[in-house]
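Okay, here's what each chain looks like letter by letter:
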Amino acid sequence: MAPSLQVLGVGYISPQNQPILIRYFSGKKKDGLKFHYIAHTSLDVFEERKCYLGLLYAMDDFAVYGYITPLRVKIVLTIALTDNLVRDADVTMIFRALHMAYYHALANPFLRLDAPYDAVVDHTALLVQSKTQWKGFRRRVDEVARACGVNVPPDGEET
């Protein structure tokens, strides 16, 4: 992965613009609202730029990148702005790993979604980040962050 990039947070947003998973790696509980805000403000840019991969916007101390999967799930990546150069190849590699983490979570044949079997429903509406069955998904996202050099809190500590 790209150890020169300091990943601050990752957000997965459903096609209906509902948060699937908002994960931040600062270790401060008060930053949760900040990263929810970052994820939601990036939705405006997603609507303007269809299937966009790259820089969405930058603030004083962070830059926000976005990616849309073929199923229209939006992935938001927040990276700390440093003096290092951010290469598109590094960001693309992180997005591929995050997309595969999401894909593997949904491809689990033993995952039980709380929905009727005969109903045609959007599975992303059922993905709530507090549900315990998504621990594997959060763990995969944490592994991607660790590969980028982020100090991720242990599994027991929820951020």
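Just above sits the structure.
Quick caveat, the model's predicted, so the values are computed rather than measured.

A.B. asks: I'd like a rundown of the overall build of the chain, residues and numbers included.
C.D. replies: The number of helices and strands found in the chain is three helices and five strands. Looking at the chain alone, contacts between residues at least 24 apart form 53% of all its contacts between residues at least 6 apart. Here the chain has roughly 8,900 Å² of accessible surface; of this, 55% comes from carbon and sulfur atoms.

A.B. asks: So, the pairing of strand β4 (residues 62–68): which residues are in play, and what are the values?
C.D. replies: Counted residue by residue, β4 has seven buried out of seven residues, so it is predominantly covered. Side chains F62, V64, G66 and I68 of β4 all project onto a buried face; the interleaved residues A63, Y65 and Y67 project onto the opposite face, where all are buried too. Direction of pairing for strand β3 (residues 54–58) relative to β4: antiparallel, over a ladder of four bridges. Bridge pairing links L55 to Y65 in β4. The hairpin turn running from β3 into β4, its antiparallel successor, is three residues long. Sheet topology note: the β4/strand β5 (residues 74–80) ladder contains seven bridges and is antiparallel. Along β5, the bridge assignment pairs V64 with T78.

A.B. asks: Summarise the layout of surface pockets; cite the residues concerned and give the values.
C.D. replies: Considered as a void within the structure, the largest pocket measures approximately 150 Å³ in volume. Residue lining of the largest pocket: Q6, V7, L8, F25, S26, K28, D31, K34, F35, G149, V150 and N151, and that is the complete set. Listed by contribution, the elements that provide at least two residues to the lining of the largest pocket are β1 (7–13) and α1 (31–48). Of all the elements, α1 adds the most residues to the lining of the largest pocket, at three residues. Here the lining of the largest pocket is built from residues that sort into five nonpolar, four polar and three charged.

A.B. asks: Tell me what's going on with the side chain of K74, and back it up with residues and numbers.
C.D. replies: Within the secondary structure, K74 sits in strand β5. A polar side-chain atom of K74 sits 3.4 Å from the main-chain carbonyl oxygen of S14.

A.B. asks: Can you break down the pairing of β1 residue by residue, with the values?
C.D. replies: With seven of its seven residues buried, β1 lies for the most part within the structure. Sheet topology places β1 next to β5; six bridges connect them, and they run antiparallel. Residue pairing across strands places G9 opposite T78, the latter belonging to β5. The pairing of β1 with strand β2 (residues 19–24) spans five bridges and is antiparallel. Counted as the bridge partner of V10 is R23 from β2. Between the end of β1 and the start of β2, which pair antiparallel, lie five residues, with N17 showing a positive phi angle near 65°.

A.B. asks: Explain unusual backbone geometry residue by residue, including any values.
C.D. replies: We note that N17 has phi near 65°; this positive angle belongs to a residue other than glycine. In this fold, N17 is placed in the loop between β1 and β2.

A.B. asks: Kindly report on the packing of helix α2 (residues 88–106) against helix α3 (residues 135–147), identifying the contributing residues and their values.
C.D. replies: For the pair α2 and α3, interaxial distance at closest approach is 9 Å and the crossing angle is 165°. What the angle tells us is that α2 and α3 run roughly antiparallel. You can see that α2 and α3 cross each other, and the crossing is right-handed. Here I94, A97, L98, A101, Y102, H104 and A105 of α2 come into contact with α3, specifically with F137, R140, V141 and V144. Tallied by class, residues from the contact of α2 with α3 come to nine nonpolar, one polar and one charged.

Calculation criteria
Residues numbered from 1 in each chain as written. Predicted model: local features only at pLDDT ≥ 70, side-chain atom pairs only at ≥ 80, totals over all residues. Heavy atoms only, no water. Helix = DSSP H or I, 4+ residues; strand = E, 2+ residues; numbered from the N terminus. Contact = heavy atoms within 4.5 Å. Areas by Shrake-Rupley, 256 points an atom, 1.4 Å probe, with all protein chains shown as cover. Buried < 20%, exposed > 50% of the residue type's maximum accessible area, 1.4 Å probe, protein only. Pairing = 2+ DSSP bridges. 1 Å grid on protein atoms, 1.4 Å probe; cavity = no way out; pocket = protein on both sides within 12 Å on 5 of 7 lines; lining within 4 Å. Points joined across faces, edges and corners; volume = space filled by probe spheres on them. Nonpolar A, V, L, I, M, F, W, Y, C, P; charged D, E, K, R; others polar. Polar contact = N/O pair within 3.5 Å; in protein donor to acceptor, adjacent residues only side chain to side chain. Axes fitted to C-alpha atoms, helices over the stretch in contact; angles between N-to-C directions. Parallel < 35°, antiparallel > 145°, perpendicular 65-115°, else oblique. Left-handed = near helix turned anticlockwise from the far one by under 90°.

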